[in-house]
Amino acid sequence: MFKKVSKVWFTLAMLTCMVLMGAATLSAAAKSKLITIGFSQVGAESDWRTANTKSMRDTFTEANGYKLIFDDAQQKQDNQITALRNFIQQEVDYIVLAPIGETGWDTVLQEAKDAGIPVIIMDRMVNVADESLYTCWVGTNSRGEGDTAAAWMEKTFAGKDKLNIVHLQGTIGSTAQIGRTAGLEDGVKRNKGWKIVAQQTGEFTQAKGQEVMESILKQQSDIDVVYAENDNMAFGAIDAIEAAGKKAGVGGDITVISFDATHAGLQMTLDKKINYNVECNPLHGPRVEVLIKQLEAGQTPEKKAYVEEGAFDATTMTQAILDARAY
Ligand code: GYE
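What you see is a predicted model; the values in this text were computed from it and never measured.

A separate point is helix α9 (residues 263-270). Buried residues of α9: G265, L266, M268, T269 and L270, and no others. Looking at the buried side of α9, the elements it contacts are α8 (231-243), β10 (276-279), β12 (311-313) and α11 (319-323).

Throughout the structure, instances matching the rule amount to six aromatic pairs. Grouping aromatic residues by their ring pairs yields a cluster made of W152, F157 and Y276. The positively charged end of R57 is found above the aromatic ring belonging to F70, 4.2 Å away from the centroid. Stacked on the ring of Y134, the Lys or Arg K303 has its end atom at 4.4 Å from the ring centre.

With that settled, the discussion passes to helix α7 (residues 206-219). Here α7 is 14 residues long and its end C-alpha atoms lie 20 Å apart, about the 20 Å a rise of 1.5 Å per residue gives. Elements that come into contact with the buried residues of α7 comprise β6 (163-169), β7 (194-201), β8 (225-228) and α8. Looking at where α7 begins, the residue whose side-chain oxygen comes 3.1 Å from the main-chain nitrogen of K208 is T205.

Spatially, six strands are ordered β2-β1-β3-β4-β5-β11 in an open sheet, and the strand pairing comes out parallel. What marks the edges here is a single partner per strand, and that holds for β2 (66-72) and β11 (304-306). Here the strands of the sheet are splayed against their neighbours by 15° on average, with no regard to which way each runs. When strand β4 (residues 119-123) meets strand β5 (residues 136-139), the two strands line up parallel, connected through four bridges. Bridged to I120 within β5 is C136. Together, β1 (35-41), β2 and β3 (94-97) form the strand contacts of helix α3 (residues 77-89), whose direction differs from that of β1 by roughly 170°. Those strands touched by helix α10 (residues 285-296) are β1, β2, β3, β4 and β5, and its axis lies near 160° from that of β4.

Another point: the domain arrangement of the protein. Reports of interface size often rely on the accessible area that becomes lost once the parts have come together. Under the domain assignment used here, the protein contains domain 1 (34-140 + 282-296) and domain 2 (142-280 + 312-323). Computed from C-alpha coordinates alone, the two centres of domain 1 and domain 2 are separated by 30 Å. Domain 1 puts 12 residues into the contact, and the matching count from domain 2 is 18 residues. A combined buried area of about 1200 Å² lies between domain 1 and domain 2, and 52% of that area is made up of carbon and sulfur atoms. The tally of links from domain 1 across to domain 2 stands at zero salt bridges. The interface formed by domain 1 and domain 2 holds seven residue pairs in polar contact (both at pLDDT 80 or more) in total. Residues of the side of domain 1 that touches domain 2, tallied by class, amount to four nonpolar, four polar and four charged.

The rules we used
Residues numbered from 1 in each chain as written. Predicted model: local features only at pLDDT ≥ 70, side-chain atom pairs only at ≥ 80, totals over all residues. Heavy atoms only, no water. Buried < 20%, exposed > 50% of the residue type's maximum accessible area, 1.4 Å probe, protein only. Helix = DSSP H or I, 4+ residues; strand = E, 2+ residues; numbered from the N terminus. Contact = heavy atoms within 4.5 Å. Phe/Tyr/Trp six-rings, centres within 6.5 Å; stacked < 30°, edge-to-face > 60°. Lys NZ or Arg CZ within 6 Å of the ring centre and 35° of its normal. Expected span 1.5 Å × (residues − 1). Polar contact = N/O pair within 3.5 Å; in protein donor to acceptor, adjacent residues only side chain to side chain. Pairing = 2+ DSSP bridges. Axes fitted to C-alpha atoms, helices over the stretch in contact; angles between N-to-C directions. Domains from an automatic or database assignment. Buried area = accessible area lost by both parts, 1.4 Å probe. Salt bridge = Lys/Arg side-chain N within 4 Å of Asp/Glu carboxyl O. Nonpolar A, V, L, I, M, F, W, Y, C, P; charged D, E, K, R; others polar.

Spelled out as structure tokens, the structure:
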């Protein structure tokens, strides 16, 4: 009896070993087939960026057939150029670039093209003389977002003959800054009473947003609106406003407009501290994967793909909307 049982266990153990060995060989073979992606990320300046990085990491896993080489450029273009050159040297299959600013990419993108490595631009855009220097782009319509915010201001402040606006800009020269700034500045041109009383960059970070807002509040007592080009700068600005003894948001002294509509941003919208939050979706991982699959299949993806986005007004914001937020 005992002998029989131990024989069964022995056979089972042998079979398990064989299966495991088989799996090990398989995974070694699968490993050599992984698609290698060099990803140059801007940095970790905002909640939006953190969600974007997570989306990329969650998508491009070994289990999904990828080897992701991630590089954080810490908000410096020089670091991004170095990262791209390293990727070229490592002969990666694809480069994904989330560019900090739009200009200054021609040389390094030419190097990638010469090496035959397709480059997918994600999130912000590049401004290059020759559009064939990159394969395709996926991201947000920042100009559209700026227009959406300006249209809301026109509706909300209709009939008001004076509107003093503090403008907290994102990283100067980035697509998100250029588009959102253009939307506001066009609004100012259309509306005689609108005046930008201060315009300064907060680098898309909460700390800088707060610091800049603190100094503006010391110089300007008459502020109607803060137009912050992302959630994190809005959080910083709200802290500064409250520290100065004023109230931000619905029914307060200063109306706050923000962009991104991240989970934390929508929480502030639900709390009525941000009056209007224009959505900017960071979940590009799966979108980039679709593009890579198309390229792997020998297809030509669309050159530019914009992501659809909405906007949230604090007066109609609900807990259910917040709960459904994936980022
Ligand atoms: O709005 C901001 C981030 O480029 C759309 O970058 C992106 C922007 C986003 O730091 O929060």
